[in-house]
Amino acid sequence: MSTARIHPTASALSSTIKHHLAPNLRPPTNGVVFAGGPSHLRRFGTRRALTVAVSSSSAPKRFEAIVKASVTVPDKLGDCPFCQRVLLTLEEKHLPYDLKLVDLANKPEWFLKINPGGKVPVVKFDEEWIADSDVITQSLEEKYPDPPLRTPPEKASAGLKIFSTFIGFLKSKDPSDGTEQVLLNELSSFNDYLKENGPFVNGKEVSAVDLSLGPKLYHLEIAVGHYKNWTVPDSLPYVKSYMKTIFSRESFVKTRALTEDVIAGWRPKVLG
Ligand SMILES: N[C@@H](CCC(=O)N[C@@H](CS)C(=O)NCC(=O)O)C(=O)O
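If you're wondering where the values come from, they're calculated on a predicted model, not measured in any experiment. Residues take numbers from 1 onward in each chain, read along the sequence in its written order. Reporting in this predicted model follows two pLDDT cut-offs: at least 70 for local features of residues, and 80 or more for side-chain atom pairs to be given and counted; totals over whole chains, interfaces and linings ignore these cut-offs and use all residues.

Caption draft 1: Examining the nonpolar core more closely. In this description, a nonpolar core means buried residues of the types Ala, Val, Leu, Ile, Met, Phe, Trp, Tyr and Cys, linked to one another by C-beta atoms lying within 7 Å. With C-beta atoms placed from the backbone, a residue counts as buried when 20 or more other C-beta atoms lie within 10 Å of its own, as exposed when 12 or fewer do, and as partly exposed for counts between those limits. Counting residues in each nonpolar core, the largest one holds 53 residues, and the members touching the most others are Ala65, Ile66, Val67, Cys83, Val86 and Val120. In this description a helix means any DSSP run of H or I spanning at least four residues, a strand means any run of E spanning at least two, and both kinds are numbered starting from the N terminus. Sorting elements by how many residues they give to this core places helix α6 (residues 208-228) first, with nine residues. Looking at this core, you find at least three residues from each of domain 1 (16-143) and domain 2 (153-271). Throughout, the edges of the domains are those of an automatic or database domain assignment.

Caption draft 2: Quick look at the confidence of the model for the protein. Across the chain, each position has a pLDDT score giving the predictor's confidence in that residue, from 0 to 100. Residues at a pLDDT of 70 or more form 78% of the protein, whose mean pLDDT is 84. We call two residues in contact when their backbone-placed C-beta atoms lie within 7 Å. Low pLDDT, under 50, characterises residues 1-57; the stretch is placed with 82 contacts to residues that sit more than four places away or in other chains.

Caption draft 3: Region of interest: the packing of helix α1 (residues 81-92) against α6. Lines are fitted to the C-alpha atoms to define the axes, a helix being fitted only along its stretch in contact, and any angle between axes, read from their N-to-C directions, falls within 0 to 180 degrees. Across the interface, α1 lies against α6 with an axial gap of 8 Å and an inter-helix angle of 135°. Between α1 and α6, the interaxial angle falls into the category oblique. Of the two elements, α1 crosses α6, and the hand of that crossing is right-handed. Contact residues: α1 offers Pro81, Gln84, Arg85, Leu88, Thr89 and Glu92, while α6 offers Leu211, Ser212, Gly214, Pro215, Lys216 and His219. In the scheme used here, Gly and all other residues not listed as nonpolar or charged are polar, with Ala, Val, Leu, Ile, Met, Phe, Trp, Tyr, Cys and Pro taken as nonpolar and Asp, Glu, Lys and Arg as charged. Of the residues assigned to the contact of α1 with α6, the class counts are four nonpolar, five polar and three charged. Here the angle decides the label: under 35 degrees means roughly parallel, over 145 means roughly antiparallel, 65 to 115 means roughly perpendicular, and every other value means oblique. Two helices cross in a left-handed way if the nearer one is turned anticlockwise from the farther one by less than a right angle. They cross in a right-handed way if the turn is clockwise.

Caption draft 4: Seen up close, the pairing of strand β6 (residues 63-68). Strands were regarded as paired on the criterion that DSSP finds at least two bridges between them. Note: β6 against strand β7 (residues 97-102), six bridges, orientation parallel. When the bridges of β7 are listed, Glu64 appears paired with Asp98. Strand direction decides the pairing type here: β6 and strand β8 (residues 122-125), joined by three bridges, are antiparallel. Each residue of the ladder has a partner; that of Ile66, found in β8, is Val122.

Caption draft 5: How the structure looks around the site of the ligand. Near residues are defined by distance alone, with the backbone-placed C-beta atom required to lie within 6 Å of the molecule or strand. With respect to spatial proximity, the complete set of residues near the ligand consists of Lys68, Cys80, Phe82, Leu104, Gly118, Lys119, Val120, Pro121, Asp132, Ser133 and Asp134. Taken together, the residues that form the shell around the ligand break down as five nonpolar, two polar and four charged.

Caption draft 6: Inspection of the packing of α6 against helix α7 (residues 237-247) at higher detail. With their axes 10 Å apart at the nearest point, α6 and α7 run at an angle of 105° to one another. Here α6 lies roughly perpendicular to α7, going by the angle between them. Between α6 and α7, the contacting residues are Asp210, Gly214, Leu217, Tyr218 and Glu221 on the first element and Met243, Ile246 and Phe247 on the second. Classifying every residue of the contact of α6 with α7 gives five nonpolar, one polar and two charged.

This is the structure we're talking about:
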């Protein structure tokens, strides 16, 4: 893993976008950090107030997140569900960050120096660049456990096969090859799971698995809607309501890809 010593030059960056916290959530700039767990969070109506304590060790600096750039609109976030997962985690944990957008069709040299694997997302964490959404989100959970987003291991596999079965159906050119039914079976199992355990995977509160699954379901909805004229059937109301709830979350609206990018992103898979 490369370290933060490798720095992209300003001109080499495709783009940097500042993301600001709501004023009442903005960390002070003088080494003061968000402190403690839920006991430090009090709700006033729909607003969340944070009690702060002075500390120099774990101040939440601005994270740098290297993510996919839009291919349809300049300087916009692109359509990578793994990038959105990481951004959702930062948002839900109220951690400030700056985006560095990378054109994946023309990867800049500075990016390949940071991550020779060439994949996004990559996040600068404790002066080190870390790749892979699994590793990044786990590191964030360990370092910033409040609010907790951990999904208990026994629930972590809920909905796990939806993404791969969606891709199978999307790529399929033969309507009778069974890929639609395989996807329906996975969605149906997830519907049963949510009926018993919902509204989120871990019950009442959103957790890490929802932040991973939400962007994938968003891609599913747009891509199969566009390329197959297909929607999640009404016979799966818990899945439909789960999607609606996650897609309308403030963090999701702020980090979601443009519809045109999702459609463009899946085109090679559909045509290939
Ligand atoms: N397992 C990785 C997957 C990341 C991934 O596949 N990212 C895609 C964009 S959605 C990428 O960077 N593709 C560029 C390439 O393969 O050249 C994660 O969870 O972060």
